[in-house]
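# Structural features, examined
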Amino acid sequence: MDALKATGLCRAYGTGKLKTQVLDGFDLTLAPGAFEVLMGPSGSGKSTFLHVAAGLLAADAGAVEIGGTVVTALGDGAAAKFRRRHVGVVFQSFNLVDTLDVAANIELPVRLDHGKPDAARLAALIAKLNLAGLEARLPDELSGGERQRVAIARALYMAPDVILADEPTGNLDVAAAKSFCDLLRAVHADERSAILLVTHDPVVAAAADRVHFLKNGKIAASHDTPGHDPAEISRLYLETYK
(Lines give C-alpha, C1' and ligand atoms only; values in the text may rest on other atoms or scores of the structure.)
Protein backbone atom coordinates (compact mmCIF):
# COMPACT_ATOMS: atom_id res chain seq x y z
CA MET A 1 0.00 0.00 0.00
CA ASP A 2 1.30 3.47 -0.88
CA ALA A 3 2.15 5.87 1.92
CA LEU A 4 0.60 8.68 -0.14
CA LYS A 5 -1.13 8.75 -3.51
CA ALA A 6 -2.51 11.86 -5.22
CA THR A 7 -4.64 11.32 -8.33
CA GLY A 8 -5.99 13.98 -10.67
CA LEU A 9 -5.82 16.62 -7.97
CA CYS A 10 -7.16 20.06 -8.87
CA ARG A 11 -7.31 23.24 -6.81
CA ALA A 12 -7.98 26.81 -7.94
CA TYR A 13 -8.18 30.16 -6.18
CA GLY A 14 -10.52 32.99 -7.11
CA THR A 15 -13.37 33.03 -9.60
CA GLY A 16 -14.07 34.26 -13.12
CA LYS A 17 -11.27 36.29 -14.66
CA LEU A 18 -9.40 36.19 -11.33
CA LYS A 19 -9.40 32.40 -11.15
CA THR A 20 -5.94 30.84 -10.89
CA GLN A 21 -5.56 27.10 -11.41
CA VAL A 22 -2.81 26.10 -8.97
CA LEU A 23 -3.10 22.30 -9.15
CA ASP A 24 -4.33 20.86 -12.44
CA GLY A 25 -4.41 17.07 -12.68
CA PHE A 26 -1.63 16.63 -10.12
CA ASP A 27 -0.47 13.01 -9.65
CA LEU A 28 2.13 11.79 -7.15
CA THR A 29 2.83 8.49 -5.41
CA LEU A 30 5.01 8.10 -2.33
CA ALA A 31 6.10 4.60 -1.30
CA PRO A 32 6.26 3.57 2.37
CA GLY A 33 9.49 4.83 3.93
CA ALA A 34 10.34 7.08 0.96
CA PHE A 35 12.12 10.42 1.40
CA GLU A 36 11.24 12.70 -1.50
CA VAL A 37 11.11 16.40 -2.30
CA LEU A 38 8.66 18.59 -4.21
CA MET A 39 10.24 21.66 -5.82
CA GLY A 40 8.93 24.54 -7.88
CA PRO A 41 8.90 28.33 -8.15
CA SER A 42 7.03 30.45 -5.64
CA GLY A 43 3.30 30.20 -6.32
CA SER A 44 3.56 26.92 -8.21
CA GLY A 45 1.29 25.08 -5.75
CA LYS A 46 3.79 23.21 -3.57
CA SER A 47 2.33 24.35 -0.25
CA THR A 48 -1.22 24.09 -1.61
CA PHE A 49 -0.65 20.41 -2.32
CA LEU A 50 0.74 19.78 1.18
CA HIS A 51 -2.26 21.49 2.76
CA VAL A 52 -4.69 19.44 0.67
CA ALA A 53 -2.80 16.23 1.48
CA ALA A 54 -2.91 17.05 5.20
CA GLY A 55 -6.66 17.64 5.09
CA LEU A 56 -6.21 21.34 5.87
CA LEU A 57 -7.55 22.51 2.52
CA ALA A 58 -10.28 21.10 0.27
CA ALA A 59 -9.61 19.90 -3.27
CA ASP A 60 -11.79 20.95 -6.21
CA ALA A 61 -11.35 17.54 -7.85
CA GLY A 62 -9.24 14.41 -7.56
CA ALA A 63 -8.18 12.57 -4.43
CA VAL A 64 -5.37 12.10 -1.96
CA GLU A 65 -4.97 8.78 -0.15
CA ILE A 66 -2.68 8.28 2.83
CA GLY A 67 -2.21 4.73 4.02
CA GLY A 68 -5.31 3.72 2.05
CA THR A 69 -7.59 6.40 3.54
CA VAL A 70 -9.00 9.00 1.13
CA VAL A 71 -8.13 12.15 3.06
CA THR A 72 -9.92 14.42 0.59
CA ALA A 73 -13.23 12.65 1.38
CA LEU A 74 -13.04 13.35 5.13
CA GLY A 75 -14.93 16.10 6.93
CA ASP A 76 -13.03 18.61 9.05
CA GLY A 77 -13.39 16.68 12.32
CA ALA A 78 -12.47 13.33 10.82
CA ALA A 79 -9.56 14.91 8.94
CA ALA A 80 -8.19 16.41 12.17
CA LYS A 81 -8.38 13.05 13.95
CA PHE A 82 -6.76 11.25 10.99
CA ARG A 83 -4.00 13.87 10.81
CA ARG A 84 -3.13 13.46 14.50
CA ARG A 85 -2.78 9.70 14.08
CA HIS A 86 -1.34 9.24 10.60
CA VAL A 87 0.18 12.49 9.30
CA GLY A 88 3.00 14.54 10.77
CA VAL A 89 3.05 18.14 9.53
CA VAL A 90 6.09 20.40 9.86
CA PHE A 91 5.62 24.08 9.07
CA GLN A 92 8.21 26.73 8.23
CA SER A 93 6.94 28.77 11.19
CA PHE A 94 7.34 25.74 13.54
CA ASN A 95 3.77 26.16 14.97
CA LEU A 96 4.82 25.27 18.50
CA VAL A 97 2.55 26.19 21.42
CA ASP A 98 4.28 29.06 23.19
CA THR A 99 2.93 28.14 26.65
CA LEU A 100 4.03 24.49 26.49
CA ASP A 101 7.56 23.27 27.15
CA VAL A 102 9.52 21.10 24.73
CA ALA A 103 8.29 17.79 26.16
CA ALA A 104 4.64 18.89 26.15
CA ASN A 105 4.90 20.21 22.57
CA ILE A 106 6.29 16.88 21.38
CA GLU A 107 3.53 14.95 23.18
CA LEU A 108 0.78 17.27 21.94
CA PRO A 109 -0.61 14.92 19.23
CA VAL A 110 -1.33 12.10 21.69
CA ARG A 111 -2.76 14.48 24.28
CA LEU A 112 -5.11 16.03 21.70
CA ASP A 113 -6.12 12.47 20.78
CA HIS A 114 -6.92 11.78 24.45
CA GLY A 115 -4.23 9.11 24.59
CA LYS A 116 -1.59 8.34 27.18
CA PRO A 117 1.87 9.82 26.58
CA ASP A 118 4.65 7.28 26.07
CA ALA A 119 7.68 8.24 28.15
CA ALA A 120 9.95 5.84 26.27
CA ARG A 121 8.91 7.27 22.89
CA LEU A 122 9.49 10.82 24.16
CA ALA A 123 12.94 9.92 25.51
CA ALA A 124 13.91 8.24 22.24
CA LEU A 125 12.92 11.26 20.17
CA ILE A 126 14.61 13.68 22.59
CA ALA A 127 17.85 11.73 22.15
CA LYS A 128 17.44 11.24 18.39
CA LEU A 129 16.78 14.95 17.73
CA ASN A 130 19.58 16.18 20.01
CA LEU A 131 17.16 17.87 22.42
CA ALA A 132 18.49 16.43 25.69
CA GLY A 133 18.49 19.02 28.47
CA LEU A 134 15.88 21.18 26.72
CA GLU A 135 12.76 19.28 27.80
CA ALA A 136 11.55 21.95 30.26
CA ARG A 137 12.28 24.98 28.05
CA LEU A 138 9.58 27.04 26.37
CA PRO A 139 9.77 27.72 22.61
CA ASP A 140 10.96 31.33 23.08
CA GLU A 141 13.95 29.96 25.01
CA LEU A 142 15.11 27.94 21.99
CA SER A 143 17.06 28.78 18.85
CA GLY A 144 15.40 28.47 15.45
CA GLY A 145 17.16 25.18 14.80
CA GLU A 146 16.07 23.81 18.18
CA ARG A 147 12.46 24.82 17.57
CA GLN A 148 12.53 23.08 14.20
CA ARG A 149 13.89 19.90 15.80
CA VAL A 150 11.05 20.01 18.33
CA ALA A 151 8.60 20.32 15.43
CA ILE A 152 10.14 17.26 13.77
CA ALA A 153 9.99 15.29 17.03
CA ARG A 154 6.31 16.21 17.40
CA ALA A 155 5.63 15.12 13.80
CA LEU A 156 7.36 11.78 14.43
CA TYR A 157 5.79 11.09 17.84
CA MET A 158 2.79 9.08 16.59
CA ALA A 159 4.93 7.19 14.01
CA PRO A 160 2.74 8.53 11.16
CA ASP A 161 2.43 7.03 7.69
CA VAL A 162 3.84 10.22 6.18
CA ILE A 163 5.49 13.45 7.27
CA LEU A 164 4.67 16.54 5.20
CA ALA A 165 7.27 19.29 5.65
CA ASP A 166 6.55 22.74 4.19
CA GLU A 167 9.78 24.73 3.64
CA PRO A 168 11.12 23.48 7.01
CA THR A 169 14.41 25.38 6.71
CA GLY A 170 12.93 28.67 5.50
CA ASN A 171 13.47 30.38 8.87
CA LEU A 172 16.94 28.91 9.48
CA ASP A 173 20.35 30.26 8.51
CA VAL A 174 22.51 28.30 6.06
CA ALA A 175 24.50 26.43 8.71
CA ALA A 176 21.39 25.50 10.70
CA ALA A 177 19.60 24.43 7.51
CA LYS A 178 22.47 22.13 6.52
CA SER A 179 22.60 20.67 10.04
CA PHE A 180 18.83 20.14 9.97
CA CYS A 181 19.00 18.29 6.64
CA ASP A 182 21.78 16.01 7.88
CA LEU A 183 19.79 15.27 11.01
CA LEU A 184 16.55 14.66 9.10
CA ARG A 185 18.29 12.15 6.84
CA ALA A 186 19.77 10.34 9.86
CA VAL A 187 16.39 10.29 11.63
CA HIS A 188 14.66 9.02 8.50
CA ALA A 189 16.98 6.01 8.45
CA ASP A 190 15.57 4.97 11.86
CA GLU A 191 11.88 5.77 11.37
CA ARG A 192 9.26 4.07 9.18
CA SER A 193 7.46 7.26 8.15
CA ALA A 194 7.68 8.42 4.56
CA ILE A 195 8.73 12.06 4.13
CA LEU A 196 7.58 14.54 1.49
CA LEU A 197 9.39 17.83 1.84
CA VAL A 198 8.57 21.03 -0.04
CA THR A 199 11.48 23.35 -0.73
CA HIS A 200 13.03 25.68 -3.28
CA ASP A 201 16.54 25.07 -1.89
CA PRO A 202 18.70 22.53 -3.79
CA VAL A 203 20.85 21.99 -0.66
CA VAL A 204 17.76 20.87 1.23
CA ALA A 205 16.52 18.81 -1.73
CA ALA A 206 19.86 16.98 -1.86
CA ALA A 207 19.07 15.32 1.47
CA ALA A 208 16.22 13.36 -0.15
CA ASP A 209 16.35 10.34 -2.45
CA ARG A 210 14.08 11.68 -5.20
CA VAL A 211 12.96 15.10 -6.39
CA HIS A 212 9.78 16.10 -8.24
CA PHE A 213 9.42 19.39 -10.13
CA LEU A 214 6.00 21.04 -10.15
CA LYS A 215 5.06 23.09 -13.22
CA ASN A 216 1.70 24.25 -14.59
CA GLY A 217 -0.17 22.49 -11.81
CA LYS A 218 1.32 19.02 -12.25
CA ILE A 219 4.58 17.10 -11.96
CA ALA A 220 6.73 18.05 -14.95
CA ALA A 221 9.71 15.81 -14.15
CA SER A 222 11.00 13.46 -11.45
CA HIS A 223 14.59 12.40 -10.80
CA ASP A 224 16.54 10.40 -8.29
CA THR A 225 18.87 12.81 -6.49
CA PRO A 226 22.20 12.04 -8.17
CA GLY A 227 24.82 11.60 -5.46
CA HIS A 228 22.82 13.99 -3.25
CA ASP A 229 24.57 16.78 -5.17
CA PRO A 230 22.90 20.24 -4.86
CA ALA A 231 24.65 21.45 -8.02
CA GLU A 232 23.12 18.66 -10.09
CA ILE A 233 19.69 19.33 -8.59
CA SER A 234 20.09 23.02 -9.50
CA ARG A 235 20.94 22.00 -13.07
CA LEU A 236 17.87 19.78 -13.30
CA TYR A 237 15.72 22.54 -11.83
CA LEU A 238 16.91 25.10 -14.38
CA GLU A 239 16.43 22.60 -17.20
CA THR A 240 12.83 22.01 -16.11
CA TYR A 241 11.89 25.68 -15.84
CA LYS A 242 13.85 27.15 -18.77
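An account of the accompanying structure is given in this report.

## A short note on the pairing of strand 2 (residues 20–30)
Two strands pair when backbone bridges link them, and strand 1 (residues 4–13) and strand 2 are joined in this way by eight bridges, in the antiparallel orientation. Residue pairing for strand 2: A12 is matched across the bridge by Q21. Between the antiparallel neighbours strand 1 and strand 2 lie six residues, among them G14 with a positive phi of about 80°.

## Quick word on the layout of surface pockets
As a volume, the largest pocket reaches approximately 390 Å³. Along the wall of the largest pocket there are 17 residues; nearest its centre are R83, R84, V87, V89 and P109. For the lining of the largest pocket, the secondary structure elements donating two or more residues are helix 2 (76–86), strand 6 (87–90), helix 4 (108–112) and helix 6 (144–156). The residue makeup of the lining of the largest pocket, split by class, is 12 nonpolar, two polar and three charged. Estimates place the volume of the second largest pocket at around 160 Å³. Lining the second largest pocket are 14 residues, and of these T169, L172, A177, D201 and V204 lie nearest its centre. Elements that contribute at least two residues to the lining of the second largest pocket include exactly helix 7 (174–190) and helix 8 (202–205). Broken down by element, the lining of the second largest pocket gets its largest block of residues, four residues, from helix 7. A breakdown of the residues in the lining of the second largest pocket according to their chemical character gives six nonpolar, four polar and four charged.

## Considering the pattern of salt bridges
Going through the model one piece at a time under the given rule, you end up with 10 salt bridges. A salt bridge links D209 to R185, with the nearest nitrogen and oxygen atoms 3.1 Å apart. Residue D209 is found in the loop between helix 8 and strand 9 (210–215), and its partner R185 is found in helix 7; the two are separated by 24 residues along the sequence. On the basis of relative accessibility, which here comes to 32%, the residue D209 falls in the partly exposed class. The partly exposed category is assigned to R185, whose relative accessible area is 32%. One connected set of salt bridges, linked through shared partners, spans R84, R85 and D113.

## Quick notes on the sheet that holds strand 5 (residues 69–70)
With respect to topology, four strands assemble into an open sheet ordered 2-1-4-5, the strand pairing being antiparallel. Single-partner strands in this sheet number two, and they are strand 2 and strand 5.

## Remarks on helix 1 (residues 46–53)
Among the eight residues that make up helix 1, six are buried, leaving the element largely enclosed by the rest of the structure. For helix 1, every residue scored as buried is listed here: K46, T48, F49, L50, V52 and A53. Positioned one or two residues after helix 1, G55 has a phi angle of 80°, which is positive.

## A few points about the nonpolar core
If you look at the biggest cluster of nonpolar residues, it comprises 46 residues, and the most contacted ones within it are M39, I106, L129, L131 and L197. Excluding residues within four positions of it along the chain, I106 makes contact with L122, L125, I126, L131, V150, A153, R154 and Y157. Core analysis: the second largest hydrophobic core is formed by 28 residues, L23, F26, A53 and V64 among them.

So, how was this worked out
Residues numbered from 1 in each chain as written. Predicted model: local features only at pLDDT ≥ 70, side-chain atom pairs only at ≥ 80, totals over all residues. Heavy atoms only, no water. Pairing = 2+ DSSP bridges. Helix = DSSP H or I, 4+ residues; strand = E, 2+ residues; numbered from the N terminus. 1 Å grid on protein atoms, 1.4 Å probe; cavity = no way out; pocket = protein on both sides within 12 Å on 5 of 7 lines; lining within 4 Å. Points joined across faces, edges and corners; volume = space filled by probe spheres on them. Nonpolar A, V, L, I, M, F, W, Y, C, P; charged D, E, K, R; others polar. Salt bridge = Lys/Arg side-chain N within 4 Å of Asp/Glu carboxyl O. Buried < 20%, exposed > 50% of the residue type's maximum accessible area, 1.4 Å probe, protein only. Core = buried A, V, L, I, M, F, W, Y, C linked by side-chain atoms within 4.5 Å. Contact = heavy atoms within 4.5 Å.

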